[in-house]
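One-letter residues, chain by chain:
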Amino acid sequence: MKYIALAISLATLAGCQPAPTEAPETTTAVAYQSLPGYQHDVIGMQEQYLEPEFWVQRLQQPHAAVLTPAQITAFNQRSYAVQDEMVLLDEYPTEFRAAELIDKINSISSLPGYPRFYATGEQATTAQLEGYRSAANLAAVEAVNPVRFGLVVKRSSMRTFPTLDKLYSDDLDLDIDRFQETGVFPGTPLAILHTSTDGKWYLAQSYHYLAWIQASDVAIGPRDEVLAFADKKPFAVVTEAKVETNYTPSFAPVSAVQLDMSTRLPLLSAADTGHDVHGQNPFASYTVQLPIRDAEGALAFSPALIARHHDVHVGYLPYTEANVIRQAFKFLGERYGWGHDYNARDCTGFVLEVYRSMGIDMPRNSSQQGYGEYGDTVVYDENSSNAEKLARLANAKVGDLIYLPGHVVMYIGDIEGQPYVIHDVHGLNYRDAEDQHYQGTLNGVSVTPLIDLGFNANDTYLDRIYAIKSVR
């Protein structure tokens, strides 16, 4: 069977940014049909390929442990040891000298090296960009700057500068806000390094990212209390794409709070809470402890309920191939969100949350993941042949991560010699059977074939693969 080349627009840094391509002759969309009533413009796909059990039933040992909990602990310890961008907050400095803090601020909030544009098409002036830079408050850096600690109380964006203003590249792709860095979820510990000029933003370090977060989304508390929260046992892990805590009219801070996949929260018992939690009996729900923010911004805690019909697991999910597939497919069809924008996630965020639901930590950005020394990684260079990559793909394991410049895809299985992957991806284009170019969009978590995907008009995905990683 001859596969048609499919090109997915790629990304740098936090996600899957469209890569520049040549503009070959373009055709109109072709409707590919596999089953009655199922029409689409994505090649190599049949409707059953969108079902996780289709892939699970093809596995020889779907429920065998890939790594045990003890092995996962050792895996994470090594990752933190070899990846500079991953930070153990319990080993984080308690203060920074002026030069050190300025270096931290500059690492995220330097002036852009390329023109930036507003959604109107107006180019941001030097004065406007310097205004964002000024908001980072370098003038307030002291000789010695104490580090504070806090917990995230609601899903929040982390930004290049302390602003919600959205700026874009010259292609004006409004899906790619260049000031959006990543997202964090309730219960995430943060080290707070600095405050913006207006006092409304914190420069914060998570376990794998440094950027600006709105102060209203963080509760400041004692260092030991903040860090201990992430280690409390027993704990629950959200294993659905998104859940909400139960609505309560009596206490807004814990009512209908969104919790994304991989969110970890301490579990409470009836002995801790009694039999009435904000007006509801907790026996048919999971009772979790949520961090909340008081009127002064200080850390407090409250019980909250998650109804048991949601996907929540006591402890981390076992790391099995079946769980990798099922977790990944829980995001299928979710809108693509650069840097966790749009209340969603991008290619690396998708990978992170699938694996973190099983207790495995990774760096945030694609190049940090792809070139990272954690896991069983093969890196290719310009002298590597496609035959070498094909030999590695022939032995791929479910959950293996395949890296191209700015993008990552997850291997889920093979059909007639063609590897298939699931990935969170922005654009869609391919060359059809008549060698004509078709450009469309995916803009979400999608299943596609791999080998003949096109990186651009001249190179295939296979040509540009630079790393294949097994999280083993």
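Our structure's up above, just so we're on the same page.
Peer 1: Lay out the overall build of the chain with the relevant residues and their values.
Peer 2: When you go through the chain residue by residue, the secondary structure sums to 11 helices and 28 strands. Over its C-alpha atoms the chain spans a radius of gyration of 23 Å, differing by no more than 12% from the 23 Å that the globule rule assigns to 472 residues. Seen along its three principal axes, the alpha-carbon backbone of the chain occupies a region of about 65 × 55 × 40 Å. Among the 472 residues that make up the chain, the fraction classed as buried is 56%. Carbon and sulfur atoms make up 50% of the accessible area of the chain, which amounts to about 19,800 Å² in all.

Peer 1: Requested: an account of the pairing of strand β24 (residues 407-415), with residues and values cited.
Peer 2: Of all nine residues making up β24, eight are buried, and the element is well covered by its neighbours. Inspection of the sheet shows strand β23 (residues 401-404) paired to β24 by four bridges, in the antiparallel sense. Each bridged residue has a counterpart across the sheet, and for Tyr403 the counterpart in β24 is Val408. From the end of β23 to the start of β24, which pair antiparallel, there are two residues, and Gly406 there has a positive phi angle of about 80 degrees. Sheet topology note: the β24/strand β25 (residues 418-431) ladder contains five bridges and is antiparallel. Note that in β25 the partner of Tyr411 across the bridge is Val421. The loop that links β24 with its antiparallel partner β25 comprises two residues; one of these, Glu416, has a positive phi angle of about 50 degrees.

Peer 1: Which residues make up the packing of aromatic side chains, and what values go with them?
Peer 2: Tallied over the full model, the rule gives 16 aromatic pairs. Each ring, one from Phe54 and one from Trp55, has its centre 5.0 Å from the other, and the planes form 85 degrees; the classification is edge-to-face. This pair shows no difference in class: Phe54 is buried, exactly as Trp55 is. On the basis of an interplanar angle of 85 degrees and a centroid distance of 5.3 Å, the ring pair of Tyr132 and Phe179 is categorised as edge-to-face. Separated by 47 residues along the polypeptide, Tyr132 in helix α4 (residues 126-134) and Phe179 in the loop between β8 (156-159) and β9 (180-184) bring together distant segments of the chain. For Phe179, a relative accessible area of 1% translates into the label buried. One aromatic cluster is present, formed by Tyr49, Phe54, Trp55 and Tyr420 through successive ring pairs. It is Arg264 that lies over the ring of Phe235; its NZ or CZ is 3.5 Å from the centre. In this structure, Arg308 is placed above the aromatic ring of Tyr286, and the distance from its NZ or CZ to the ring centre is 4.4 Å.

Peer 1: How would you summarise the pattern of salt bridges if you had to cite specific residues and measurements?
Peer 2: For side chains of opposite charge, pairing can occur when their charged atoms come near one another. For the structure shown, the criterion picks out 17 salt bridges. Between Arg345 and Asp260 there is a salt bridge; the shortest N-O distance is 3.2 Å. Linking Arg345 in the loop between α7 (321-329) and α8 (347-356) with Asp260 in strand β16 (residues 258-260), this pair joins segments that are 85 residues apart in sequence. In terms of burial, Arg345 and Asp260 fall into one category: buried. Arg472 is paired through a salt bridge with Glu321; the nearest N and O atoms lie 3.1 Å apart. Residue Arg472 is found in the segment after β28 (467-470), and its partner Glu321 is found in helix α7; the two are separated by 151 residues along the sequence. Among the residues examined, Glu321 registers a relative accessible area of 14% and is labelled buried. What emerges from the salt-bridge pattern is a single network uniting Arg155, Lys242, Asp260, Glu334, Arg345 and Glu353.

Procedures and definitions
- Throughout this document, residue positions are counted from 1 along each chain, in the order its sequence is written.
- Predicted model: local features are reported for residues with pLDDT of at least 70 only, side-chain atom pairs are reported and counted for 80 or more only, and whole-chain, interface and lining totals are derived from all residues.
- Hydrogens are left out, water is left out, and the side-chain values use all remaining heavy atoms of the structure.
- Secondary structure elements are taken from DSSP: a helix is a run of H or I of four residues or more, a strand is a run of E of two residues or more, and numbering for both begins at the N terminus.
- Computation of the radius of gyration draws on C-alpha atoms, with the globule rule given as 2.2 Å multiplied by the number of residues to the power 0.38.
- The buried label goes to any residue with under 20% of its type's maximum accessible area, the exposed label to any with over 50%, and the partly exposed label to all in between, with areas taken from a 1.4 Å probe on protein chains only.
- For accessible areas, the Shrake-Rupley method is used with a probe of radius 1.4 Å. Any residue's cover is judged against the shown protein chains and nothing else.
- Two strands form a pair only when DSSP identifies at least two bridges running between them.
- The criterion for an aromatic pair is that two Phe, Tyr or Trp rings (for Trp, the six-membered ring) have centres within 6.5 Å, with stacked assigned to planes under 30 degrees apart, edge-to-face to planes over 60 apart and tilted to the rest.
- For a ring to carry a charge above it, either NZ of a lysine or CZ of an arginine must fall within 6 Å of the ring centroid while also lying within 35 degrees of the normal to the ring plane.
- Within this document, salt bridges are pairs made up of a side-chain nitrogen of Lys or Arg and a carboxyl oxygen of Asp or Glu, the two lying within 4 Å of each other.

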